[in-house]
Amino acid sequence: MKRILHFALAVLLLSVVGCGSDDSDTSLSLTESFNVNADSENIPITSWQAMRTFDNIEILGDTGDGKSFYIRFNENGVLDRANYDDYTNGLGFSTSYSNPSETFTIQNVSINEANKIVNISFEGIIYEDDLDVFSPSSTIEITQGEINVKFIENPTATSPELNDFIDAKIDGQLFQSMKHATITSSSTDLISYSADGDGIESISLNFDELNTTAGTYNFTPGTQSESISFSTFDPFASEFGEYIEYETSGTLIIEVYIPSSPTSLGQLTGTFECTASANGETINITEGKFNFSFL
């Protein structure tokens, strides 16, 4: 799957390459560079492309002889994933699918809006199996990584109204989603839209596709529809990981609800606040906001 995603990105980037922010960093060098060391050996990247979709940036570099490095993150340095592939030898390595920031860190992200330059530095461990972080013989350490490249705006991005995200503060710490999944019930019209950042936390929004409307909803533990769910999963806690599902109570405000149709996506936009409790621990989730599209 990783290779398919990389190939699709490369086709899109190459097709468009051929043919403003208050935080803009005008000090960034205009000279492009792409330096990545794997297990203290340089990966000789010779060509690259970078693209921004809303506030998410993805960069793909290629050596020209079967190796590539890919990274996707947002403008605040929240990581989706980083991949190193050696197609010649049939090898592929990626950051942990869950909680990637535990072993792979982004030190900074700087952007020069005027010249469309992004600079990022990073380091950490990547795994041959991103769902198995307990196989030390199947890892590579990115010992040094710094990229300073020009990027383009994604020309195929959908309208800003369909910019998918769930963001919030969890006990005062910013949570921004990078991975999303839509889970539909086989026996009801319930849809659960889940979102993960680069830590252990996961936030899900649950709604009834046929009966949901714009409005304010109060929910308590056990409420299935028009509610927020919260869970954590730490793959580094034990060989099989540690999953905790919390009970939640709070308020969900749906500001926009557009049902899907055979010819168009549905849209759900709004805000939420809640508390999440499990094992004697209570977590406060505040300033929640969401916007996503669904079939």
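Here is a short report on the structure shown in this document.

Cut-offs applied
- Residues numbered from 1 in each chain as written.
- Predicted model: local features only at pLDDT ≥ 70, side-chain atom pairs only at ≥ 80, totals over all residues.
- Heavy atoms only, no water.
- Phe/Tyr/Trp six-rings, centres within 6.5 Å; stacked < 30°, edge-to-face > 60°.
- Helix = DSSP H or I, 4+ residues; strand = E, 2+ residues; numbered from the N terminus.
- Buried < 20%, exposed > 50% of the residue type's maximum accessible area, 1.4 Å probe, protein only.
- Lys NZ or Arg CZ within 6 Å of the ring centre and 35° of its normal.
- Core = buried A, V, L, I, M, F, W, Y, C linked by side-chain atoms within 4.5 Å.
- Contact = heavy atoms within 4.5 Å.
- Salt bridge = Lys/Arg side-chain N within 4 Å of Asp/Glu carboxyl O.

### Let's talk about the packing of aromatic side chains
Enumeration over the complete set of coordinates arrives at 14 aromatic pairs. Between the aromatic rings of F69 and F122, the centroid separation amounts to 5.4 Å while the plane-to-plane angle is 5°, which identifies the pairing as stacked. With a gap of 53 residues between them, F69 in strand β5 (residues 67-74) and F122 in strand β9 (residues 117-127) connect regions that are remote in the sequence. Classification of F122 as buried rests on a relative accessible area of 1%. With centroids separated by 6.5 Å and ring planes inclined at 50°, the aromatic side chains of Y127 and F236 adopt a geometry described as tilted. Of this pair, Y127 sits in strand β9 while F236 sits in the loop between β18 (227-234) and β19 (242-258), placing them 109 residues apart in sequence. For Y127, a relative accessible area of 4% translates into the label buried. The structure contains a cluster of three or more aromatic residues connected by ring pairs, namely Y193, F207, Y257, F272, F290, F292 and F294. For the cation-ring pair, K179 lies above Y97, with the distance from its terminal atom to the ring centre recorded as 5.1 Å.

### Things to note about the nonpolar core
In globular proteins that are soluble, nonpolar side chains generally tend to be buried together. Ranked by size, the top nonpolar core spans 29 residues in total, and within it I203, L205, L252, L268, F272, I285 and F290 carry the most contacts. Elements that contribute at least two residues to this core include exactly β12 (165-170), β15 (190-196), β16 (201-208), β17 (215-219), β18, β19, β20 (266-278) and β21 (281-294). Apart from residues lying up to four places away in sequence, L268 is in contact with L205, F207, I254, V256, Y257, F290, N291, F292 and F294. F69, Y84, V118 and I147 belong to the second largest nonpolar core, which has 27 residues in total.

### Topic: the pattern of salt bridges
Under the criterion given, the structure shown has eight salt bridges. Among the ionic pairs, D80 bridges to K179, the shortest N-O distance being 3.2 Å. Residue D80 is located in strand β6 (residues 79-86), and its partner K179 is located in strand β14 (residues 179-184); the two are separated by 99 residues in the primary sequence. The pair formed by D80 and K179 is uniform in burial state, with each residue classed as buried. Measuring nitrogen to oxygen at the nearest pair gives 3.7 Å for the salt bridge that ties K169 to E287. Taken together, the residues K169 in strand β12 and E287 in strand β21 connect sequence positions 118 residues apart. Judged by its relative accessible area of 28%, K169 falls in the partly exposed class. Counted as one network, the salt bridges with shared partners bring together R52, E75, E113, K116 and E153.

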